[in-house]
Amino acid sequence: MSSEIKWKDVLNLNSWVVRDYYRLVSSVNSLEPQIQRLSDEQLREKTTELRSRLSQGETLADIQAEAFSVVREAARRKLGMRHFDVQIIGGAVLHDGCIAEMKTGEGKTLVSTLAAYLNALTGDGVHVVTVNDYLARRDAEWMGRVHRFLGLSVGLIQGGMPLDERRQNYNCDITYTNNSELGFDYLRDNLSHNKDELVMRWPRPFHFAIVDEVDSVLIDEGRNPLLISGEDRKDAARYPVAAKVAELLFNGAHYNVDLKQHSVDLTEEGVALAEMILETNDLWDENDPWARFVTNAIKAKEFYRCDVQYIVRNGKAVIINELTGRVEERRRWSDGIHQAVEAKEGLEIQADSVVVAQITYQSLFKLYPKLSGMTGTAKTEEKEFLKMFKMPVIEIPTNLPNIRQDLPIQAFATARGKWEHVRAEVESMFQLGRPVLVGTTSVENSEYLSDLLRARSIPHNVLNARPKYAAKEAEIIAQAGRKHAITISTNMAGRGTDIILGGNAKMLARGILEDNVLPFLTKEPLNTETEGVSLSQKAFSKIKLEPSSLALLAKAALMAKYVQKSEGNDWSVQKAKSIVLESIEMSDIFEIEELQMRLEEEAESYPLLPVIALAYLSVLKDCELHCFNEGNEVKKLGGLHVIGTSLHESRRIDNQASSNCKHLRGRAGRQGDPGSTRFMVSLQDEMFRKFNFDTEWAVRLISSMTNDDIPIEGHTIVKQLLGLQINAEKYYFGIRKSLVEFDEVLEASQVQRKHVYNLRQLILTGNGGSSTELILQYMQAVVDEIIFENADPQKLPRKWNLGKFLDEFVWIGGKLLPESLKEVKEEDLLSSVDQIKGLDSIDVDSFSLPNLPLRPNSFRGYRKKSSSLRRWLSICSDDTAKRGKYTGTVNLLRKYFGDFIIACYQDRVDNSGYDYAHIQKIEKEVIVKSLDRFWRDHLINMNRLSSAVNVRSFGLRNPLEEYKIDGCRFFISMLSATRRLIIESLIQFWSKNVVFEEIFTS
Ligand SMILES: Nc1ncnc2c1ncn2[C@@H]1O[C@H](COP(=O)(O)OP(=O)(O)OP(=O)(O)O)[C@@H](O)[C@H]1O
Ligand SMILES: [Mg+2]
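Residues numbered from 1 in each chain as written. Chains lettered and ligands numbered in written order. Predicted model: local features only at pLDDT ≥ 70, side-chain atom pairs only at ≥ 80, totals over all residues. Heavy atoms only, no water.

J.: Any chance you could break down the nonpolar core for me, citing the residues and the numbers?
T.: As a rule of thumb, nonpolar side chains are buried together in soluble globular proteins. Ranked by size, the top nonpolar core spans 124 residues in total, and within it Y186, F365, F385, L829 and F897 carry the most contacts. For this core, the element with the most residues is helix α35 (residues 887–910), which contributes 12 residues. Every residue in contact with F385, bar those within four places of it in the chain, is listed here: I99, V214, D215, L218, I219, A378, K390, M391 and V393. (Core = buried A, V, L, I, M, F, W, Y, C linked by side-chain atoms within 4.5 Å. Buried < 20%, exposed > 50% of the residue type's maximum accessible area, 1.4 Å probe, protein only. Helix = DSSP H or I, 4+ residues; strand = E, 2+ residues; numbered from the N terminus. Contact = heavy atoms within 4.5 Å.)

J.: Describe in detail helix α4 (residues 85–95), supporting the description with residues and values.
T.: The buried count for α4 comes to 10 of 11 residues, which makes it a mostly enclosed element. Within α4, burial applies to V86, Q87, I88, I89, G90, G91, A92, V93, L94 and H95. Immediately downstream of α4, the backbone of G97 shows phi near 75 degrees, a positive value.

J.: Pulling in residues and values, what's your account of the pairing of strand β20 (residues 640–644)?
T.: By the criterion of burial, β20 is predominantly enclosed, with 5 of the 5 residues buried. Covered by surrounding structure in β20 are L640, V642 and G644 together with H641 and I643, the residues of both alternating faces. Both strand β17 (residues 436–439) and β20 contribute to a ladder of 4 bridges, which runs parallel. Opposite V436, over in β20, you have H641 as the bridge partner. (Pairing = 2+ DSSP bridges.)

J.: Give me the site of ligand 1: which residues, what numbers.
T.: By nearness alone, 20 residues border ligand 1, and R82, G105, T109, D498 and R667 come closest of all. G105 is positioned such that a nitrogen or oxygen atom in its backbone is 2.8 Å from an oxygen atom of ligand 1. E213 places a side-chain nitrogen or oxygen 3.3 Å from an oxygen atom of ligand 1. Protein contact buries 89% of the 640 Å² of open area that ligand 1 shows by itself. The greatest single-element share of the shell around ligand 1, amounting to 3 residues, is contributed by helix α5 (residues 108–120). (Near = heavy atom within 4 Å. Polar contact = N/O pair within 3.5 Å; in protein donor to acceptor, adjacent residues only side chain to side chain. Areas by Shrake-Rupley, 256 points an atom, 1.4 Å probe, with all protein chains shown as cover.)

J.: Quick rundown of the pairing of strand β9 (residues 310–313)? Include the residues and the values.
T.: Direction of pairing for β9 relative to strand β10 (residues 316–320): antiparallel, over a ladder of 4 bridges. When the sheet's bridge partners are listed, V312 is paired in β10 with A317. Hairpin connection, β9 to β10: the antiparallel pair is bridged by 2 residues, and N314 has positive phi, about 50 degrees.

J.: Tell me about the sheet that holds strand β13 (residues 370–375), residues and numbers included.
T.: Across the sheet, which stays open at both edges, the 7 strands sit in the order β3-β4-β2-β5-β13-β1-β14 with parallel pairing between neighbours. What marks the edges here is a single partner per strand, and that holds for β3 (154–156) and β14 (393–395). Across the sheet, the mean angle separating the axes of adjacent strands is 20 degrees when strand polarity is ignored. Pairing geometry for strand β2 (residues 126–130) and strand β4 (residues 174–178), over 5 bridges, is parallel. For V129, the partnering residue across the bridge sits in β4 and is T177. (Axes fitted to C-alpha atoms, helices over the stretch in contact; angles between N-to-C directions.)

J.: Outline the environment of G631, supporting the account with residue identities and numerical values.
T.: Positionally, G631 belongs in helix α25 (residues 608–637). Assessed through its relative accessible area of 3%, G631 is described here as buried. Taking the C-alpha atoms as reference points, G631 and G481, 150 residues apart in sequence, are found 8.0 Å from one another. Setting aside its immediate chain neighbours within four residues, G631 contacts L501 and G502.

J.: Can you lay out the confidence of the model for the chain for me, pointing to particular residues and giving the numbers?
T.: Looking at the chain as a whole, the pLDDT averages 81, with 83% of positions reaching at least 70. Every residue in residues 1–5 is under pLDDT 50, and counting partners more than four places away or in other chains gives 0 contacts. Contacts of residues 994–1002 to residues separated by more than four positions or lying in other chains number 14 contacts, the stretch itself having pLDDT below 50. (pLDDT = per-residue confidence, 0-100.)

J.: Before we move on, could you go through the packing of aromatic side chains and cite the residues and values that matter?
T.: In total, this model carries 19 aromatic pairs according to the counting rule given. Ring plane angle 15 degrees and centroid distance 5.8 Å describe the contact between F365 and Y368, whose orientation is recorded as stacked. With respect to burial, F365 and Y368 carry one shared label: buried. Judged by centre distance (4.8 Å) and plane angle (80 degrees), the ring pair of F805 and F897 falls under edge-to-face. Here the residue F805 occupies a position in helix α31 (residues 802–813), and F897 occupies one in helix α35, the gap between them amounting to 92 residues. As far as the burial class goes, F805 and F897 line up, both buried. Clustering of aromatic rings is evident, with ring pairs tying together Y186, W202, F206, F365, Y368, Y757 and W935. Across from the ring centre of F389, 5.7 Å away, lies the NZ or CZ of K366, which sits over that ring. (Phe/Tyr/Trp six-rings, centres within 6.5 Å; stacked < 30°, edge-to-face > 60°. Lys NZ or Arg CZ within 6 Å of the ring centre and 35° of its normal.)

J.: Lay out the packing of helix α3 (residues 60–79) against α4 with the relevant residues and their values.
T.: It is the contact of α3 with α4, at a shortest axis distance of 11 Å, that shows an interaxial angle of 140 degrees. Of the possible angle classes, the one that applies to α3 and α4 is oblique. Read as a crossing pair, α3 and α4 show a hand that is right-handed. Contact residues: α3 offers L60, Q64, F68 and R72, while α4 offers D85, I88, G91, A92 and H95. (Parallel < 35°, antiparallel > 145°, perpendicular 65-115°, else oblique. Left-handed = near helix turned anticlockwise from the far one by under 90°.)

J.: An account of the pattern of salt bridges is needed here, citing residue identities and associated values.
T.: Considering all chains together, one arrives at 47 salt bridges under this definition. With a shortest N-O distance of 2.8 Å, E785 and R979 are connected by a salt bridge. Highlighted residues: E785 in helix α30 (residues 768–790) and R979 in helix α37 (residues 959–992), separated in sequence by 194 residues. Judged by relative accessible area, which is 23%, E785 ranks as partly exposed. A network of salt bridges, in which partner residues are shared, links K46, E49, R53, E58 and E66. (Salt bridge = Lys/Arg side-chain N within 4 Å of Asp/Glu carboxyl O.)

Listed below in structure tokens is the structure:
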């Protein structure tokens, strides 16, 4: 009863919030007539005006309604899309740092322009983060037109982009990127040794981000660590041997696998056989450790399948992301798994990786002072978003009711039966002319179905991680909504992909231009590698081009040929393509009349760009008409039909269907279009194996009762299947929940990372003074540490270990120290200490311990004086140290020896003959390198710790607490070791003047 009331409250709350946003909508609407009257020029000037109003003290809230109506108008003019009222609400939700849940196809891409524009006005940079390169590029090109039109700069980050280009793009007002590029850029910046290598906007790289498909980024992939790894080659030879061993061992006899846990267990026979083959007495022998390699090789054999989890390309095993279906060039499986896979495939073994930097998406995005997100499915994760990111989820109503038809699931006994039916359904749709999108979960499956269709001569396109297909992604998707289009896709055409019924006119027009102009611009052969990709081309109706378009196309081709010949240009395909692209962009910026004017003006200098631009505009008009008509035709036929071929086990608890299915479904019936979806599964699908669900009996039973070609729709077995799906989700939910708790503890390491990275940035970007000051602080800290180890302020000085202290101090100070200090004996120090016990005021500038050597007098100059004063103040007010009766005495020891070593150091540096800049360069490098070295070790330790903690959880202690405590301990000792290394390296350097590199190679 009570829970029902609560539930209602929540519902009400959401509609209440949405209702509240309508006030903003009405102000945006009321501004519209006046904004619509502005000329393009005046509209663009609005940006300058809003910016100056901000600088005069108005807030973003003050200008929000006006900014939104400016964007709405710009989008209407440049994209032909006017933000619907619900989209205005979506934009406001984003601006408020919340998650906007809008159903698939509702136009989230357009929504993001509102908040992006408004927040970019401050000039601090806005990041729009999508889930892959394709979407980032699409959105930057598509939505970028609105922003550029309004005078903002738009950047795009893509995989493989060089550093200086990245830097330029991060400096733009709005930067489109994908989550993994963003993460790697952040990590890479924090490994760089030079200010010039930084690509983000330090010291404040993060300001505001809009994360598209936010549930996927922050929840599904949220805890996947991004790793940057260094190299370690010492075990490379073991992998191929282990792979051979794995081949000789058999599942069931020599080892057992647990699919669910992803683990393997060697049996006694297995161990014996492996030891015999490897001629070792003990697989776990520390000096000759084989166990890890053998189990990895078995895992590679059992769990990692080519074309499912990875593909082999250019001699490398490249991971396919199971969620997105895309290849992940730079990711490698950790703990030697990747090498084991390489060995299995007979590839060259890449170096063993050692983690040098890592971060999870969740930690990464917490670095933004303001974060927002959008997705079609977030309400189910609301609690998690609130807890982890303090981001509420606001459900936004749809613009038009959804009329998509979700047909009931069909279950088949055998996989063969299922695929046969998928083929039949595709075929019947093809005959009707309805476009079909078939989703598969692996490259393997997509190609299997492709073969079935080819055997029946049904033209179709395949979209999967293989490079030849992936390169054509945009083109394939542009065509996927056309009449007769059959598209088979792995999860790639999942989230975010927009399939337009009748086809995407812009892409088609671009294609036509490229087909006609490129051959004249370059002598290089155009992509021959992609043969067979555009299989379905021949099924499409030909786009009818008007005579005027044909004439312009011919003119463009002729001009291209002419320019290429007369200029002697030898352009690459890449360059030729970029020329076409540039022309298309030009057609965006200028009106036709202006293009024609340019044509005449530049007649002397081969007006290639305007000619292509004009041809494009004309072709585009034909394409638009064609797509519009074909779109209507397709709508009459019933719109896009989506076929799902498995219930991909999702990581989400959801009563109806998993999120992946939902997103696949969402490709049909967009923006109120008609459409339908159907899921077909078989009892032999991987999902059932994974959950040890014994389906063999059912397969046998059903095949004996029926012919396995008949779907068992609506049967109890289907209900059971769905039950199973929910179980699968519960299982993952459980895993995730424990991960969340674990992650909260990992927060500790987040603080640590922040500390280290901030320090690095301070050193790299700060002025020279900051590193020198840091070094002096470190010297004092190092001295303090050895003093505290040997002098307990609660004990009598007679009980102190002053001899040991002197030894250590002299050892650290080494050749920097004058002989007189090295000769000081324990008794001398003790008697000196006895004399100062009663002292309560000192002369900070020239303090010295009685009867002990004077330090070099190098604190001359205001800066040095004030720095020494600061150090003394911080010693006196240090409340972290242990206190006791003799605290005052200990403090004076800290002062004397701290000053002494610092003075010696400054003396030596001042007399080195180097100039200030050179000295600082050395100091900076020593700090950064030492920091990196220890941080890397620390990460390895933390990783080890987390696995050790898992083991310990069998005991009575709370593993998470343990982890936290140990983690802090590790971190503190890491920092202290780093300080020590920095100081020792510097002192060593200045005393011997060794060549700098030697410090780190020794
Ligand atoms: N205001 C509008 N007027 C006209 N068309 C619109 C408008 N907003 C969006 N659209 C169209 O709706 C389609 C879907 O848009 P979009 O891909 O941004 O949806 P989405 O919500 O991001 O979906 P997904 O969840 O699949 O990512 C696009 O073709 C877009 O052109
Ligand atoms: Mg989208």
